Amino acid sequence: MYLEKAKQLIESAEKEASEIGVQMVISVVDDGGNLIAVHRMDDAWLASVDIAFHKAWTAVALKTPTSELEKATLPNAELWGLQSTNQGKIVVFGGGFPLEQDGKIVGGIGVSGGAVPQDVQVAQAAVNTFQAGK
């Protein structure tokens with residue numbers, strides 16, 4: 001995962017966010033969870049900077065979309081308490097996706113700023129761009 005590809009994903013996500021009228025923060029990380037690029041749209045929440053990064057980091061660290069963690073981390077569920085591990089970096093609600101190429105995780109994207117379904121929609125737009133190889 002390189003900067004030029006990260007910029008393409010951010011552009012795709014920003015376009016989707018603009019179409020639904022929500023100011024977002026979009027974060028892209030490499031396969032080690034290291035930040036490649038972050039973009040904060042005008043007037044996006046400052047808190048979303050950390051949340052977007054942590055969604056991307058979580059998706060890479062656990063090799064799964066963050067939305068798939070929600071039910072497993074409810075009280076009395078099998079992964080209850082997971083969100084309190086890793087210095088609180090684990091996010092257990094939608095908006096983070098791993099980016100996979102040739103069966104290997106090569107990075108992740110995290111989006112924050114709207115309702116969870118909006119975050120998922122915007123992140124999915126970037127995933128679609130990644131999968132299309134654009």
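Structure's up top.
Residues numbered from 1 in each chain as written. Predicted model: local features only at pLDDT ≥ 70, side-chain atom pairs only at ≥ 80, totals over all residues. Heavy atoms only, no water.

Would you mind going over the overall build of the protein with me for this structure?
Within the protein, the secondary structure is distributed over 3 helices and 4 strands. Listing the helices and strands of the protein from first to last along the sequence gives α-β-β-α-β-β-α. Here the protein has a C-alpha radius of gyration of 14 Å; the compact-globule value for 134 residues is 14 Å, and the two agree. Dimensions along the principal axes, computed over C-alpha positions, put the protein at roughly 40 × 35 × 20 Å. Residues counted as buried form 46% of the 134 residues belonging to the protein. Looking at the protein alone, contacts between residues at least 24 apart form 62% of all its contacts between residues at least 6 apart. Of the accessible surface of the protein, which amounts to about 7000 Å², a share of 50% is contributed by carbon and sulfur atoms. Within the protein, one finds 10 positive and 16 negative side-chain charges whose respective centroids are separated by 3 Å. (Helix = DSSP H or I, 4+ residues; strand = E, 2+ residues; numbered from the N terminus. Rg over C-alpha atoms; globule rule 2.2 N^0.38 Å. Buried < 20%, exposed > 50% of the residue type's maximum accessible area, 1.4 Å probe, protein only. Contact = heavy atoms within 4.5 Å. Areas by Shrake-Rupley, 256 points an atom, 1.4 Å probe, with all protein chains shown as cover. Lys, Arg positive; Asp, Glu negative; His and termini not counted. Charge placed at Lys NZ, Arg CZ, Asp CG, Glu CD.)

Looking at this structure, I do not really get the environment of A126. What am I missing?
Among the secondary structure elements, A126 is positioned in helix α3 (residues 116-132). With residues up to four places along the chain from it excluded, the contact list for A126 reads L9, S12, A13 and I109.

Could you clarify how one ought to interpret the pattern of salt bridges in this entry?
Tallied over the full model, the rule gives 2 salt bridges. The partner of K7 in a salt bridge is E4, with the nearest N and O atoms 3.5 Å apart. Of this pair, K7 and E4 are both found in helix α1 (residues 3-20), 3 residues apart, which corresponds to roughly one turn of the helix. Taking relative accessible area as the criterion, E4 reaches 52% and is therefore assigned exposed. For K55, the salt bridge identified is with D119, shortest N-O distance 2.8 Å. Note that K55 is positioned in helix α2 (residues 47-61) and D119 in helix α3, a separation of 64 residues in sequence. (Salt bridge = Lys/Arg side-chain N within 4 Å of Asp/Glu carboxyl O.)

Would you mind going over the side chain of T129 with me for this structure?
Within the secondary structure, T129 sits in helix α3. Here S12 takes part through its side chain, which lies 2.7 Å from a polar atom of the side chain of T129. (Polar contact = N/O pair within 3.5 Å; in protein donor to acceptor, adjacent residues only side chain to side chain.)

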